[in-house]
Amino acid sequence: MNRIDIFKTSIWKTSLTGFKELQPKFIRFVEILKNDYPLGVHQTVNVGWQSPPFGGEPLFEPLCECVANLTKLAIIDSNLSQPNEICVEAMWANYNEKHTIANVEHTHHGVFAGVCYVLAPKDSGELLIKNNGLNPIWEGMRFLDRNKVENGYTKSYHSINPIEGMVYLWQSHMPHIVVPNKSNQITRLSISFTVTLK
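Residues numbered from 1 in each chain as written. Predicted model: local features only at pLDDT ≥ 70, side-chain atom pairs only at ≥ 80, totals over all residues. Heavy atoms only, no water.

*Asks:* I'd like a rundown of the overall build of the protein chain, residues and numbers included.
*Replies:* Along the protein chain, the regular secondary structure elements total 2 helices and 9 strands. The linear arrangement of helices and strands in the protein chain, starting from the amino end, is β-α-β-α-β-β-β-β-β-β-β. In terms of C-alpha radius of gyration, the protein chain reaches 18 Å, essentially the compact-globule figure of 16 Å for 198 residues. In the protein chain, which comprises 198 residues, the share counted as buried stands at 42%. Across the protein chain, the fraction of contacts at a sequence separation of at least 24, relative to all contacts at a separation of at least 6, is 86%. As displayed, the protein chain has an accessible area near 11900 Å², and 52% of this comes from carbon and sulfur atoms. Of the charged side chains in the protein chain, 18 are positive and 18 negative, and the gap between their average positions amounts to 6 Å. (Helix = DSSP H or I, 4+ residues; strand = E, 2+ residues; numbered from the N terminus. Rg over C-alpha atoms; globule rule 2.2 N^0.38 Å. Buried < 20%, exposed > 50% of the residue type's maximum accessible area, 1.4 Å probe, protein only. Contact = heavy atoms within 4.5 Å. Areas by Shrake-Rupley, 256 points an atom, 1.4 Å probe, with all protein chains shown as cover. Lys, Arg positive; Asp, Glu negative; His and termini not counted. Charge placed at Lys NZ, Arg CZ, Asp CG, Glu CD.)

The following block contains the structure:
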């Protein structure tokens, strides 16, 4: 007897080179934005602060280069045709203080989406990527053994614990959500982005 695995879902990750030097500059940039736009732009946020999209900032060129290199790997793994250009189309900041909910379940436009964690204290909220292959109305859900470790067949979400300086990338159609920040160190700060191919 054999099992045939017919679909595959991946998340790509890497560390941002030079992050320790970039981190205080990223924080200062977001603080200025937050001062200029105190209400933020609530696109996917219930509680918390989200910046207007920004792009073309020289400060974020190392992050854009990192994202482009990670996207090259994702293109190969996804068996996509090589594009003429990889574009970080949109970039925005997410600032979430203690007990704030980052966002609701959502997807993005473009080909890929991702995030870079700038501040990520312990218990500041996991990123949850939804398992699209699991239908919650499937009758088999009644027979899941909650005492066993969930696997790729039966878990509803894949959880990513935020790590400062790490960059994550996934196909933009994948629903995801961020759980509330429960850290005693107050703030989780991340830079989200979408990637298009031309």
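There is more to say, and it comes next.
*Asks:* Can you lay out helix 1 (residues 19-36) for me, pointing to particular residues and giving the numbers?
*Replies:* Between its first and last C-alpha, helix 1 extends 25 Å over 18 residues, near the 26 Å set by a 1.5 Å rise per residue. Those residues of helix 1 that fall on the buried side of the exposure criterion are Phe-19, Leu-22, Gln-23, Phe-26, Phe-29, Val-30 and Leu-33. The buried residues of helix 1 all sit within an arc of 140 degrees when viewed along its axis, so they share a single face. Those residues of helix 1 that are exposed and angled more than 90 degrees off the buried face are Lys-20, Glu-21 and Asn-35. Those residues of helix 1 hidden inside the fold are in contact with strand 2 (49-50), helix 2 (61-77), strand 3 (86-96), strand 4 (112-119) and strand 9 (188-197). (Expected span 1.5 Å × (residues − 1). Arc of directions from axis to C-beta.)

*Asks:* Residues and numbers for the pairing of strand 7 (residues 166-171), please.
*Replies:* The buried fraction of strand 7 amounts to 5 of the 6 residues, a majority that puts the element mostly inside the structure. As paired elements, strand 1 (residues 12-15) and strand 7 share 4 bridges and run antiparallel to each other. Residue pairing for strand 7: Lys-13 is matched across the bridge by Tyr-168. With 5 bridges connecting them, strand 4 and strand 7 associate as antiparallel partners. (Pairing = 2+ DSSP bridges.)

*Asks:* Provide a residue-level description of helix 2, including the pertinent values.
*Replies:* Counted at 1.5 Å a residue, the expected span for helix 2 with its 17 residues is 24 Å, and the 24 Å between its end C-alpha atoms agrees. Buried residues of helix 2: Leu-63, Cys-66, Val-67, Ala-68, Leu-70, Thr-71, Ala-74 and Ile-75, and no others. Along its buried surface, helix 2 packs onto strand 1, strand 3, strand 4, strand 7 and strand 9.

*Asks:* Give me the lowdown on unusual backbone geometry, citing residues and values where you can.
*Replies:* We note that Asn-79 has phi near 60 degrees; this positive angle belongs to a residue other than glycine. Relative to the elements of secondary structure, Asn-79 occurs in the loop between helix 2 and strand 3. In this structure Asn-79 comes out as exposed when scored by relative accessible area, which is 72%. Phi at Asp-123 takes a positive value of approximately 65 degrees, unusual for a residue other than glycine. Within the secondary structure, Asp-123 sits in the loop between strand 4 and strand 5 (127-130).

*Asks:* Help me get a handle on the nonpolar core, residues and values and all.
*Replies:* Counting 29 residues, the largest nonpolar core has Leu-16, Leu-63, Val-167 and Ile-191 as its most contacted members. Leaving out residues up to four positions away in the same chain, Val-167 has contacts with Trp-12, Lys-13, Thr-14, Leu-16, Leu-63, Cys-66, Val-67, Leu-70, Val-115, Cys-116 and Phe-193. Core analysis: the next-biggest nonpolar cluster, separate from the first, contains 12 residues, Val-115, Leu-127, Tyr-168 and Val-178 among them. (Core = buried A, V, L, I, M, F, W, Y, C linked by side-chain atoms within 4.5 Å.)

*Asks:* Now, about a nonpolar patch on the surface: what can you tell me, with residues and values included?
*Replies:* Residues Ile-4, Ile-6 and Phe-7 make up a contiguous nonpolar surface patch of about 440 Å² in total accessible area. Structurally, Ile-4 is set in the segment before strand 1. On the accessibility criterion, Ile-4 (72% relative accessible area) is exposed. (Patch = residues over 30% accessible without salt bridge, like charges linked within 9 Å, V, L, I, M, F, W, Y side chains within 5 Å. Salt bridge = Lys/Arg side-chain N within 4 Å of Asp/Glu carboxyl O.)

*Asks:* Could you give an account of the sheet that holds strand 6 (residues 157-160), with specific residues and numbers?
*Replies:* Overall, antiparallel pairing links the 3 strands, which are arranged 6-5-8 in an open sheet. The open sheet terminates on both sides in strands that have one partner only, identified here as strand 6 and strand 8 (176-178). Put simply, the sheet's adjacent strands are angled 20 degrees from each other on average, direction ignored. As paired strands, strand 5 and strand 8 are joined by 3 bridges and run antiparallel to one another. Paired with Leu-128 across the bridge in strand 8 is Ile-177. (Axes fitted to C-alpha atoms, helices over the stretch in contact; angles between N-to-C directions.)

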